[in-house]
Amino acid sequence: MNLQNIFNHIESEDPEFYERTSPRRLAIRTFMKGAALTALPVALGGLLKKAYGQTSTDPIAILNFALTLEYLEAEFYQKAVGNASAVGLTGAALGAYTTIRDHEAAHVKFLTATITKLAGASQVAPKPNFDFSGGVGSASGTGNGPFKTVFTNYDVLLAVSQTFEDTGVRAYKGQAANIMDDKYNDVLQAALQIHSVEARHAAHIRYMRANRGGSVVDGNPKPWITQDKSNIQTGNNDANAAIQRTYAGENATNQAGVDIASFVSADLATESFDEPLDKDAVLAIVKPFIITP
Amino acid sequence: MSEQNHLLPEITPAAKGAPAHSRRHFLGLAGALAGAGIIGLSSCSKDDNNPVTPVNTGIDLGSGDVGILNYAYALEQLESAFYKEVVAKSASVLQANELAFMKDIAAHELAHAKFFKAAIAAAGATPLQDLTPDFSSITFTDRTAVLNVAKTFEDLGIAAYNGAGKLLKTAAYLTIAGKIVSVEARHAALIRDLISPGSFADLASADLMGLGSDNANGLDGALSPDQVLSAAGKYIKERLNASNLPKS
C-alpha cells in the first residue's frame with residue numbers, strides 16, 4: 001500500500017480526518033510533497049497521533065479536560081452551599097458562593113452540550129468522584145487529606161476556593177492556543193468567556209479573604225496575584241505545598257521577550273499578567289481531589 | 001509556561017498585507033450606531049445581518065495579527081490614560097484602599113500598553129500612534145461616576161479580548177491576550193464589588209448582557225472590534241478605522 005492509498009483509506013474510514021488534523025488539508029499536501037522519504041514513518045506517526053491520540057490539541061480532549069475541572073468546581077461549590085451553616089457561610093458570602101456555584105454548574109452543562117454536539121454523548125467524560133480533603137494518593141488517605149476541614153472551617157473553605165479558581169484561570173489560559181482552528185472559533189470564544197468568569201470568581205474570593213483577614217490569610221491578598229504568592233497560610237505544610245503549586249511561575253516579569261519590570265515595579269509587573277499552566281501541571285494540582293477515574 | 005520567554009514571531013510581509021479571510025461575521029457598526037450606548041449594542045451582538053456602514057476612515061489599525069495587537073493597544077492606551085486621571089484627580093473622593101487599588105490598576109494598564117507598543121515593534125510592525133483621550137464627559141470628583149466608567153472600561157476590555165481571540169492566527173499572541181484578559185477580569189470584579197458588593201460576575205445584568213454575556217451558560221461578554229470601538233469611541237479623540245481587521 002503506497003502512501004496515497006493510506007491517505008485515501010483514512011479518508012474513506014474517517015471522512016473528517018483532514019478536518020480534524022490541523023492545519024488540515026494543506027498540511028497533508030505539504031506533507032506529501034515535502035517529506036523526505038527517510039522521515040516518513042516518524043512524520044506519519046505524528047500526523048496520525050494528532051488525529052486519533054489523546055494529544056493536547058484534540059479539541060474534544062481539551063473540552064473534557066475543562067469539563068473535569070468544572071465538575072470539580074461545581075460539586076465543590078454545591079457542597080459548600082449545602083454545608084453553609086456548618087462552615088459559617090451566611091449573608092453576602094453565601095450569596096457569592098451561590099452565584100459561583102450556579103456559574104460552575106452552567107459551565108458543566110455548557111461543556112457537556114458542546115462535546116455532545118461536536119462528538120456525540122458517548123464522548124462526554126463522566127463525572128469523577130471527588131475527595132475535597134485532597135487526600136487521594138496521600139499517606140493519610142482518601143477523605144483524610146490536608147483540607148479535611150474544608151466544609152467546616154470557613155477560612156479553609158476560602159483558601160481552597162481561591163486555589164481552585166486561580167487554577168481554573170491558568171488551566172483555560174493554557175489550553176486556548178490549542179484550539180486555534182477556524183473550525184473551532186465558537187469553542188475558543190466560549191472557552192475565553194468561561195476563562196474570564198473564573199478570573200472574576202478568583203478576584204472576588206481573594207477580596208473576601210483580604211477583608212476577612214485572620215491567621216490563614218498571609219500578607220495582603222489582592223484581587224490579582226502578586227509574584228507567586230498564594231497569600232495562604234494553613235498551618236499545615238502539606239496543604240501549603242499543595243496550594244503553592246497553583247502559583248508556581250506566576251512571578252514572571254518577561255512577557256514574550258518584553259521586560260515588563262522596566263515599565264513598572266517587579267511586583268506590579270507580575271500582577272499585570274496571569275500565567276498559563278499546561279494540562280499536566282493542572283492535573284498534578286487537582287489529582288489529590290479526584291478519586292475516580 | 002513554555003510560551004512566556006519566547007520572542008514573539010516575526011510578522012511576515014504577507015501577513016501584514018493579507019486581506020481578511022471572510023466577511024461572514026462582518027459587523028461594521030460605526031455609521032448607524034456611533035454614539036449609541038453599550039446597551040444599545042446588545043441586539044447586534046450575535047446577529048450577522050445588520051446592514052451597517054463600516055468605519056473606513058480614520059487611523060487604520062491594520063490587518064492580520066498586528067491589526068488585532070494595535071486594537072488591543074488602543075484599548076490599553078485608553079484604560080491607562082483613564083486610571084492615570086483617576087489617580088491624579090479622584091483621590092479626595094476615594095477611600096484609601098480604593099485609591100490603592102486604582103494605583104495598582106493604573107500600573108497594570110500602563111504595563112499592558114507599553115507591552116503592546118514594544119511587542120508590535122518587536123514583530124517588525126509599526127505600533128499605533130499615541131491616542132488622545134477625551135474624558136470630558138467624566139466627573140473625576142464623583143466616586144460613583146469614576147467607578148462606573150471604570151466598570152465600563154473593564155467589562156468592555158474583557159469583551160474585546162474575548163471576541164478578538166478567535167481573530168488571532170499566532171498562538172503566542174493568543175496566550176498573551178489570555179494573560180492580560182484575566183487580569184482585566186480581576187479588575188472588573190473588584191470595581192463591580194466596590195460599586196455593589198457581590199456584583200463581581202453579574203452575567204445576568206443588563207450591562208454585561210449588552211456586552212454579550214450569557215448567564216444561562218455562565219459566559220462572560222464577547223464583542224467584535226467594531227462593536228467595542230463603537231462603544232469606546234466617545235473617549236478617544238481620533239477616529240479608529242477597524243475595517244481591515246480580520247473578521248473571523
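These numbers were taken from a predicted model, which means no experiment stands behind them. (Residues numbered from 1 in each chain as written. Chains lettered and ligands numbered in written order. Predicted model: local features only at pLDDT ≥ 70, side-chain atom pairs only at ≥ 80, totals over all residues. Heavy atoms only, no water.)

1. Section: the overall build of chain B
What counts is decided by this rule: Starting at the N terminus, helices and strands are each numbered in turn, a helix being any DSSP run of H or I of at least four residues and a strand any DSSP run of E of at least two. Classification of residues uses two cut-offs on accessible area relative to the type maximum, computed with a 1.4 Å probe and protein chains only: under 20% is buried, over 50% is exposed, and between them is partly exposed. Whether two residues are in contact is decided by their heavy atoms: any pair within 4.5 Å suffices. Areas reported here follow the Shrake-Rupley algorithm with a probe of radius 1.4 Å; residue values treat only the protein chains shown as occluding.
Each helix and strand in chain B was counted, giving eight helices and two strands. In sequence order, chain B lays out its α and β elements as α-α-β-α-α-α-α-α-α-β. Across the 248 residues that make up chain B, the buried fraction comes to 60%. Taking the intrachain contacts of chain B between residues at least 6 apart in sequence as the baseline, contacts between residues at least 24 apart amount to 78%. Of the roughly 9,100 Å² of accessible surface on chain B, 55% is carried by carbon and sulfur atoms.

2. Here we look at the interface of chain B and chain A
Much of the literature gives interface size as the accessible area that the parts lose upon coming together. What counts is decided by this rule: We define buried area as the total accessible area lost by two parts upon association, computed with a 1.4 Å probe and summed across both. By salt bridge we mean one thing: a side-chain nitrogen of Lys or Arg within 4 Å of a carboxyl oxygen of Asp or Glu. Think of a polar contact as two N or O atoms within 3.5 Å of one another; within protein, one of them needs to be a possible hydrogen donor and the other a possible acceptor, and neighboring residues in sequence only count if both atoms come from side chains. Gly counts as polar in this scheme, as do all residues outside two lists: the nonpolar Ala, Val, Leu, Ile, Met, Phe, Trp, Tyr, Cys and Pro, and the charged Asp, Glu, Lys and Arg.
Between chain B and chain A, the contact holds 64 residues from the first and 56 residues from the second. Interface area, chain B with chain A, both sides summed: about 4,900 Å², of which 64% is carbon and sulfur. The salt bridge involving D155 of chain B is made with R200 of chain A; its shortest N-O contact spans 2.8 Å. Counting every contact that joins chain B to chain A gives 23 residue pairs in polar contact (both at pLDDT 80 or more). Listing elements by their share of the side of chain B that touches chain A, those giving two or more residues are α4 (96-122), α5 (143-164) and α6 (171-195) of chain B. Considering each element in turn, the side of chain B that touches chain A owes the most residues, 19 residues, to α6 of chain B. Its residues assigned to classes, the side of chain B that touches chain A comprises 32 nonpolar, 21 polar and eleven charged.

3. A few points about the pattern of salt bridges
Pairing is possible between side chains of opposite charge, provided their charged atoms come close. For the structure shown, the criterion picks out 19 salt bridges over all chains. For the salt bridge of D102 of chain A with R101 of chain A, the shortest nitrogen-to-oxygen distance reads 3.1 Å. Looking at D102 of chain A, the relative accessible area reads 40%, which means it is partly exposed. Taken together, the shared-partner salt bridges connect R200 of chain A together with K151, D155, R192, D207 and D220 of chain B into one network.

4. Quick notes on the confidence of the model for chain A
For clarity, the cut-off: Per-residue confidence from the prediction method is given by pLDDT, with values spanning 0 to 100.
Averaged over every residue, the pLDDT of chain A is 86; the share at 70 or more is 80%. Here residues 1-56 of chain A scores under 50 on pLDDT; set against residues more than four positions off or in separate chains, the count is 57 contacts.

5. Concerning the packing of helix α5 (residues 59-82) of chain A against helix α7 (residues 91-119) of chain A
Residue and element names in this part refer to chain A. Worth spelling out the cut-off: Note on geometry: axes are C-alpha line fits, over the in-contact stretch for helices, and angles between N-to-C directions span 0 to 180 degrees. Angle categories: roughly parallel below 35 degrees, roughly antiparallel above 145, roughly perpendicular from 65 to 115, and oblique for all the rest. Helix crossings fall into two classes, left-handed where the near helix is turned counterclockwise from the far one by less than a right angle and right-handed where it is turned clockwise.
With their axes 8 Å apart at the nearest point, α5 and α7 run at an angle of 150° to one another. Classified by the angle their axes make, α5 and α7 are roughly antiparallel. Seen along the crossing, α5 lies across α7 with a hand that is left-handed. For the contact of α5 with α7, the residue count by class is 18 nonpolar, six polar and four charged.

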